[in-house]
Amino acid sequence: MLNKHIRCAGFTLLEVLVAGSVLFVVTTAVVGLSNSIIRGTSTNADKTIANRWASEGLELTNKIRNDSVKSGGTAVNGESVWFAQAASVDKYGWYDLAANKVGAVTTWQLNPTSAPVQLPLADAPSYSATPLESQGLQATRLICVEAYGAVDVSSDSASASCNSRDGTSSPVNDGDRVPSGDCSSTDTYCLLIKASLNRNHSTASAYIPSGNMVKIRSVVIWPDHNSFRTAELSTLFGNWQDSNQL
Amino acid sequence: MKKGFTLLELLISITIFAGIMVIALGAFARSATTAAKSNDSRSKTEAARSFIDQISNDFRFIDTTVTLPFDSDHCSTKPTPPVGATWKGFCLDPLADGSNSVFLLLKYPGDSTYTGKLYYASTNSGDHDLWVAEKRNCSVATECFPVTADATSVLGSLYTASNATVFTGQADTASSSGYLGVRLVLRSHDASSCTNEGSCYELATTLTSGGF
C-alpha cells in the first residue's frame, strides 16, 4: 500500500553547504596534485641542465689533467706532478672551475677556494667566480678534489661536504701519509699498493705519494622554491709523479 | 507533507554552487594551461637531451690519431685554429657554404673501418634546423666525409634551434687537447622568439677529445 504521506522536501541549506565543501576539498586536492606533478616536471627540466653542467665539470677537469700530461706536468717540490691539485693533502678541498682565454686559445683551470669542508649551499655562490646561467636557471658549480678515503656524504638540502672524515667537518688526509716519502706503517692502502708494485717487479724503492689516487666530484647547486638542489657526479683520477712511481 | 525549496534557499544554493564552480573551473583551466606548457617543456627537454647525448656518445669514439684536414674543401684549417694547432678526429665548420657544422671521424673498438658523421645547422626563414649525415664502413679515413644529400633532420618538425651557432670548439695544440662546445637553444616552431617564459629550453656542454 502506498504511503500517502511521502515527504518530498528538497535539500536543506546545511546539506548544500556540506556537499559544496566536499566538492571544494576534492577539487583542491586534485588541482594540488596536478600542480605538484607540473612542478616536478619543471624541476626535472632544471635537473637535466644541472646534470649536464656536472658532467661538463668532470669532462673539463679531465681535460685539465690531460693537458697537464701533454705539457709535461707541473713542478712541485722538485718533481713533475701531472695533476697538481692532487699533489698534496694540503690541496684537497673545493675548487672553482674557470675558463682562461688567451688569444684564440681557451683553457680551463681549477682555482682554489676557501670553502669549508661542510659547505652551506646558500654560501656556494660566494666561492665561485663563474656562475652558470641557462634560460633563467642560475647555478653554481664547484669541483671537489678529495682523498680516496673520504667518506662519501651525499649533499642534503642544507650543505655539501668535500673531503670529509666520517661526515664531519674534519678533513681527510688520504691515509695520514706524508706528502712524499715511504708509507706509514698504519697506512694499509699505501702498503698494499706498494706490495703490488714490488710483486710486479717495479722498483723496490717506489712509494705511493699523497694524491696517488683522488676522487673528483663535480657539484652543481641551484636555488629551487626557497630551498636548494644539488646534482653531482664523481670519478677517480690517478696521479703520477716520476718514472719510478705508480 | 510536500515542501520544496524556498526562493531564498534556491538563490543561496545557486550562488554557492556558482562560486565553487567558478573557483574549481578556474583552477582546472589554469592547471590545464600549465600542464600543456609543462608537457611542451618536457618534450623540449627530451629532444635537447637526446641530441646532446647523441653527439656526446659519438664524440667518445673519435679517432684522435688521424690528423685532419683531408683536403681544401673538407676539414681545412678554416676557421683558423690557434697557430700550430691541428684538428684530430674532428673538425669545426668543414662545409664550404659557411653553415655552422662539425665533422667527427669515428672508429669503434674492434672495428677496422671508419665512420664519418657530419652535424650541421641550416638556416631557413630565421629558423635553424639541425641535420646529421653519416657515412659508414670507410676503409680509408679520407673517403669518409658524408654528403649533405643523405642528411636527416635531428629535431624533426616540432622544434627549431633558436641559436645559429650550435657548435664551437678548438683544435689540438702541443699543450692542449681539442674540445667541442655544443649549445642548443630549442624553440617550438609556433613560438617566434624566446622572450616568453618557458618558450625555449637551453642545454649546453663541452666535450673534450682527451687521450694522451
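Check the entry above for the structure.
Structure report, in brief. Because the structure is predicted, anything quoted here is derived from the model rather than measured.

What counts, and where the lines are drawn
Residues numbered from 1 in each chain as written. Chains lettered and ligands numbered in written order. Predicted model: local features only at pLDDT ≥ 70, side-chain atom pairs only at ≥ 80, totals over all residues. Heavy atoms only, no water. Helix = DSSP H or I, 4+ residues; strand = E, 2+ residues; numbered from the N terminus. Buried < 20%, exposed > 50% of the residue type's maximum accessible area, 1.4 Å probe, protein only. Pairing = 2+ DSSP bridges. Patch = residues over 30% accessible without salt bridge, like charges linked within 9 Å, V, L, I, M, F, W, Y side chains within 5 Å. Areas by Shrake-Rupley, 256 points an atom, 1.4 Å probe, with all protein chains shown as cover. Salt bridge = Lys/Arg side-chain N within 4 Å of Asp/Glu carboxyl O. Disulfide = S-S within 2.5 Å. Core = buried A, V, L, I, M, F, W, Y, C linked by side-chain atoms within 4.5 Å. Contact = heavy atoms within 4.5 Å. Buried area = accessible area lost by both parts, 1.4 Å probe.

## Looking at unusual backbone geometry
When glycine is set aside, most residues are seen to have a negative phi, and most peptide bonds are trans.
Working step 1: Despite not being glycine, Asn226(A) has its phi angle at roughly 60°, a positive value.
Working step 2: Looking at where Asn226(A) falls in the secondary structure, it is placed in the loop between β9 (213-224) and β10 (227-238).
Working step 3: Here Asn137(B), not a glycine, exhibits a phi torsion of approximately 55°, which is positive.
Working step 4: With respect to the helices, strands and loops of the structure, Asn137(B) is situated in strand β6 (residues 127-138).
Working step 5: Taking the relative accessible area as the measure of exposure, Asn137(B) reaches 62% and is therefore exposed.

## Some remarks on the pairing of strand β3 (residues 93-102) of chain A
Residues and elements named next belong to chain A.
Working step 1: Pairing geometry for β3 and strand β7 (residues 137-147), over four bridges, is antiparallel. Bridging from a neighbouring strand, Asp-96 pairs with Leu-142 of β7.
Working step 2: Both β3 and strand β4 (residues 105-112) contribute to a ladder of eight bridges, which runs antiparallel. Across the sheet, the residue bridging to Asn-100 is Thr-107, located in β4.

## Notes on a nonpolar patch on the surface
Working step 1: A contiguous nonpolar surface patch, about 630 Å² in accessible area, is contributed by Leu14(A), Val18(A), Val22(A), Val26(A), Val30(A), Leu25(B) and Phe28(B).
Working step 2: Breaking the nonpolar patch down by element, the ones donating at least two residues are α1 (13-70) of chain A together with α1 (7-59) of chain B.
Working step 3: Counting residues per element, the nonpolar patch draws most heavily on α1(A), which supplies five residues.
Working step 4: Its place among the elements puts Val30(A) in helix α1.
Working step 5: Exposure remark for Val30(A): the relative accessible area of 38% places this residue in the partly exposed category.

## Quick look at the state of the cysteines
Each disulfide consists of a covalent bond between the sulfur atoms of two cysteine residues.
Residues and elements named next belong to chain B.
Working step 1: Applying the stated rule across the entire model yields four disulfides over all chains.
Working step 2: Covalent S-S linkage joins Cys-75 and Cys-91, the inter-sulfur distance amounting to 2.1 Å. Residues Cys-75 and Cys-91 share a disulfide whose torsion about the S-S bond is about -60°; that sign makes it left-handed. One end of the pair, Cys-75, is in the loop between β1 (67-68) and β2 (87-88); the other, Cys-91, is in strand β3 (residues 90-92), and 16 residues separate them in sequence.

## Description of the pairing of strand β10 (residues 179-188) of chain B
Residues and elements named next belong to chain B.
Working step 1: For β10, the tally of buried residues reaches nine of 10 residues, placing the bulk of the element in the interior.
Working step 2: As paired strands, strand β8 (residues 159-161) and β10 are joined by three bridges and run antiparallel to one another. For Thr-160, the partnering residue across the bridge sits in β10 and is Arg-187.
Working step 3: With four bridges joining them, strand β9 (residues 167-170) and β10 adopt antiparallel strand pairing. Each residue of the ladder has a partner; that of Phe-167, found in β10, is Val-182.
Working step 4: Sheet topology places β10 next to strand β11 (residues 200-208); nine bridges connect them, and they run antiparallel.

## Examining the nonpolar core
Working step 1: Formed by 58 residues in total, the largest nonpolar core has its most connected members in Phe167(B) and Leu180(B).
Working step 2: For Phe167(B), the residues in contact, after removing those within four places along its chain, are Phe51(B), Ile55(B), Leu92(B), Asn100(B), Ser101(B), Val102(B), Tyr119(B), Tyr120(B), Leu130(B), Leu180(B), Gly181(B) and Val182(B).

## Details of the interface of chain A and chain B
Many analyses report the size of an interface as the accessible area lost when the parts associate.
Working step 1: Facing 40 residues of chain A, the contacting portion of chain B comprises 50 residues.
Working step 2: Buried area between chain A and chain B, summed over both chains or domains, comes out near 3,800 Å², and the portion from carbon and sulfur atoms is 60%.
Working step 3: It is Arg52(A), Glu59(A) and Lys70(A) that lose the most area in chain A upon contact with chain B, and together they represent 18% of the buried surface on that side.
Working step 4: Counting across the interface, chain A meets chain B through three salt bridges.
Working step 5: For Asp53(B), the salt bridge identified is with Arg52(A), shortest N-O distance 2.7 Å.

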